[in-house]
Amino acid sequence: MSRVALTQPGLEPLIRAALAEDLGRAGDITSNAVIPADTPMEGVVRSREAGRIAGAEAAAMAFNLVDGAVNVAVAQPDGARVEAGTTVLSVDGPAHAILAAERVALNLLCHLSGIATATAALVDAVADWPARIACTRKTTPGLRSLEKQAVRAGGGVNHRFGLDDAMLIKDNHIAVAGGIAPALARARAAAGHLVKIEIEVDTLDQLDEALAGGADAVLLDNMDPATLAAAVRRVDGRAVTEASGRVSRDTVAAVAASGVDIISVGALTHSAPILDLGLDAEPAGA
């Protein structure tokens, strides 16, 4: 095996911090006591359930940062669909290093694969409609870029990455600004020519006001499917339509059937269960 090619150098500080948190002041005192220092190890990470993979590169980096002598071979890259028992990646090298990195690598791989799996389930559920599944900014602090990549691995698309790359005028902005019309007017005056402006609306009357103000996109918040369909007809292609509000596997098809362009789901990143994966030591030479 050879070391996996790493294409996300920005990951390194994050993973170093996670390793430092786990290794503490004295390192892995269990492995250091139980296993002779020069012992080699071969291991295989397998999926224990069906799902979608994300975070393979982050897991590989965890092993390599503990010891560059650890070789990692990724069998299932980000976006791959796996069944229970599928080999996702293999490692070989010093046993101390592999065991020291194991938990950080699996924490990242299981968490991110869980997001990809949850995303893929919603993407599959709306396959009969053109709506795309998007994440939100409801991400784990420090892990946003990884979690958004996991959404893409599951077939979803990304919403804005932060407050600085698009304007989203929400209910609190509207309340403080004095209404939809003044909020949109000020946003339009301040926005650069490449900055899109989206505004949240709760009713069809608010939607009419948002369209009159020239919004590029409208966030149709917590509307039932019938109201969503009416909103899409009223927009008639003049703006991007986005539905949000506690969308789940059980409700997403009805939301998509309304004809909206985007369905944003915060639960993809704040509540997705992990995908169960585990590292097993292999007999030498297996």
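Here, the structure is the one placed above.
Since we're looking at a predicted model, the values are computed, not measured.

K.L.:
In this structure, what is going on with the overall build of the chain? I would like to understand it.
P.N.:
Secondary structure assignment for the chain yields 11 helices and 12 strands. The C-alpha extent of the chain, read off along each of the three principal axes, is 70 × 35 × 25 Å. Counting only residues that meet the buried cut, the chain has 46% of its 286 residues in that class. A sequence separation of at least 24 residues applies to 71% of the contacts in the chain between residues at least 6 apart. Roughly 13700 Å² of accessible area belongs to the chain as shown, and the carbon and sulfur atoms make up 53% of that amount. Averaging the locations of the 24 positively and 35 negatively charged side chains of the chain gives two centres separated by 5 Å.

K.L.:
Where do I start with the pairing of strand 9 (residues 217-221) in this structure?
P.N.:
Two faces, one strand: in a regular strand the side chains alternate between the faces of the sheet. Within strand 9, five of the five residues are buried, which leaves it mostly tucked inside the rest of the structure. Side chains of strand 9 alternate between two faces, with Ala 217, Leu 219 and Asp 221 and Val 218 and Leu 220 buried alike. For strand 8 (residues 197-201) and strand 9, the ladder comprises four bridges, and the chain directions are parallel. What sits directly across from Ile 199, in strand 9, is Val 218. Handedness of the crossover joining strand 8 and strand 9 through helix 8 (residues 204-212) is recorded here as right-handed. Looking at chain direction, strand 9 and strand 10 (residues 240-244) are connected through five bridges and run parallel. Counterpart to Ala 217 in the pairing with strand 10 is Val 240.

K.L.:
Whenever I open this one, helix 7 (residues 180-190) confuses me. Can you help?
P.N.:
Since there are 3.6 residues in each turn of an α-helix, residues three or four apart along the chain are aligned in direction. Buried residues of helix 7: Ile 180, Ala 183, Leu 184 and Ala 187, and no others. One side of helix 7 holds all its buried residues, which, seen down the axis, span an arc of 95°. Residues Arg 186 and Ala 189 are exposed on helix 7 and point more than 90 degrees away from its buried face. Buried-residue contacts for helix 7 involve strand 7 (167-169), helix 6 (171-177), strand 8 and helix 8.

K.L.:
What exactly am I supposed to notice about the packing of aromatic side chains here?
P.N.:
The relation between two aromatic rings is expressed through the spacing of the ring centres and the mutual angle of the planes. Counting across every chain of the model gives zero aromatic pairs. A cation over a ring is seen here: Lys 148 above Phe 161, with NZ or CZ 5.2 Å from the ring centre.

K.L.:
What's the story with unusual backbone geometry in this structure? I'm lost.
P.N.:
The phi angle of most residues is negative, glycine excepted, and most peptide bonds adopt the trans form. For Asn 222, which is not glycine, the phi dihedral falls at a positive 55°. Examined against the element boundaries, Asn 222 turns out to sit in the loop between strand 9 and helix 9 (225-235). Residue Asn 222 is classed as exposed on the basis of its relative accessible area of 53%. With phi around 55°, Arg 246 is a residue other than glycine that occupies positive phi space. Along the polypeptide, Arg 246 turns up in the loop between strand 10 and helix 10 (252-256).

K.L.:
Looking at this structure, I do not really get a positive patch on the surface. What am I missing?
P.N.:
A cluster of like positive charges, contributed by Arg 137, Lys 138, Lys 170 and Arg 246, occupies part of the molecular surface. Topologically, Lys 138 is positioned in the loop between strand 6 (132-134) and helix 5 (144-153). Judged by relative accessible area, Lys 138 falls into the exposed class, the value being 52%.

K.L.:
What am I meant to see in helix 5 here?
P.N.:
Of all 10 residues that make up helix 5, seven are buried, and the element is covered over most of its length. Residues of helix 5 that are buried in the fold lie against helix 1 (11-23), strand 2 (51-52), helix 3 (56-66), helix 4 (95-125) and helix 11 (267-270). Of the residues trailing helix 5, Gly 155 is marked for its positive phi of about 95°.

K.L.:
Help me understand the packing of helix 1 against helix 3, please; the structure alone is not making it clear to me.
P.N.:
Packed helix pairs are characterised by how far apart their axes lie and by the angle those axes make with each other. Packing of helix 1 against helix 3 leaves a shortest axis separation of 10 Å and a crossing angle of 65°. Helix 1 and helix 3 meet at a crossing whose hand is right-handed. Counted together, Leu 11, Glu 12, Ile 15, Arg 16 and Leu 19 of helix 1 and Glu 57, Ala 58, Met 61, Ala 62, Leu 65 and Val 66 of helix 3 form the full contact between these two elements. Of the residues that constitute the contact of helix 1 with helix 3, the class distribution is eight nonpolar, no polar and three charged.

Scoring rules and cut-offs
- Residues numbered from 1 in each chain as written.
- Predicted model: local features only at pLDDT ≥ 70, side-chain atom pairs only at ≥ 80, totals over all residues.
- Heavy atoms only, no water.
- Helix = DSSP H or I, 4+ residues; strand = E, 2+ residues; numbered from the N terminus.
- Buried < 20%, exposed > 50% of the residue type's maximum accessible area, 1.4 Å probe, protein only.
- Contact = heavy atoms within 4.5 Å.
- Areas by Shrake-Rupley, 256 points an atom, 1.4 Å probe, with all protein chains shown as cover.
- Lys, Arg positive; Asp, Glu negative; His and termini not counted.
- Charge placed at Lys NZ, Arg CZ, Asp CG, Glu CD.
- Pairing = 2+ DSSP bridges.
- Right-handed = clockwise from strand over helix to strand, strands pointing away.
- Arc of directions from axis to C-beta.
- Phe/Tyr/Trp six-rings, centres within 6.5 Å; stacked < 30°, edge-to-face > 60°.
- Lys NZ or Arg CZ within 6 Å of the ring centre and 35° of its normal.
- Patch = residues over 30% accessible without salt bridge, like charges linked within 9 Å, V, L, I, M, F, W, Y side chains within 5 Å.
- Salt bridge = Lys/Arg side-chain N within 4 Å of Asp/Glu carboxyl O.
- Axes fitted to C-alpha atoms, helices over the stretch in contact; angles between N-to-C directions.
- Left-handed = near helix turned anticlockwise from the far one by under 90°.
- Nonpolar A, V, L, I, M, F, W, Y, C, P; charged D, E, K, R; others polar.

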